[in-house]
Amino acid sequence: MEFSLHNYVFAAILVLTIIPFKASSNSLPDNKHHEVKPLHFTLFDHEIINKTTFVIVNGVAGAGFSTTTAPFGTLFVLNDPLKVTADPSSTVVGSAEGFSIVSSFDGLDSLSVAKLTLNLKKYKGAVYFVGVFRSTKTTEHPIVGGTGDFLFVQGYITTSPVSLTGLNIIYKIEFHLYWPSYAVQIS
């Protein structure tokens, strides 16, 4: 009896190795279901020292205060208008609310967290980002979430200095937003 059981097991293994397995129909990705909805646009952050951006805690060491630097550990809070162009009289289409802590001894880098509330023609809601902001050069920041029409959004923004003189500082913000397929299907 034991001998015949081994024969059956051997025969079953032999049959399973000889029969070709058919790959399931969903084993290869279907590009239709992985499409993303992109949106790219540019706005300008108009920061006005002691009017829309304030020092809450003075830093302890490193660089002194200027339009591009602050001492290590300095904490800023901001509520800056976002405008369509770099012109100060340009139309306001949103706001940048958040905080920034100077995180480098040279005073140029800050760890920043911000909510960019947008009121555009076809899109209303907020985009959130976190990242290290470099005050004197173009920096990329990952998008970590969104609300309203920006729910489920992914992507990044880049910030670039436009004007760093005087009390009115202007940064260009380029938005590179993408909605995954499951979010596109919901909207």
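Throughout this description, residue numbers start from 1 for each chain and increase along the sequence as written. Residue-level local features of this predicted model are given only where pLDDT is at least 70; pairs of side-chain atoms are given and counted only at 80 or more, and the full residue set underlies all totals for whole chains, interfaces and linings. As a rule here, side-chain values come from all non-hydrogen atoms in the structure, and water together with hydrogens is ignored.

**Topic: the pairing of strand E4 (residues 92-102)**
Argument step 1. DSSP bridges decide pairing: two strands pair if at least two such bridges lie between them. Numbering of helices and strands starts at the N terminus; helices are DSSP runs of H or I of at least 4 residues and strands are runs of E of at least 2. Sheet topology places strand E3 (residues 75-83) next to E4; nine bridges connect them, and they run antiparallel. Counted as the bridge partner of Leu82 is Gly94 from E4.
Argument step 2. Relative to strand E5 (residues 109-119), E4 is paired through nine bridges, and the arrangement is antiparallel. Considered in E5, the bridge of Glu97 is made with Lys115.
Argument step 3. In this structure, the hairpin formed by E4 and E5 is closed by a connection of six residues, where Gly107 is found at a positive phi of approximately 80°.

**Let's talk about the environment of Tyr123**
Argument step 1. Structurally, Tyr123 is set in the loop between E5 and strand E6 (124-134).
Argument step 2. C-alpha separation for the pair Tyr123 and Phe150, spaced 27 residues apart in sequence, amounts to 7.6 Å.
Argument step 3. Sequence-distant contacts of Tyr123, that is, excluding residues within four places in its chain, are made with Lys37, Leu39, Leu118, Asp149, Phe150 and Trp179. Contacts: residue pairs with any heavy atoms within 4.5 Å of one another.

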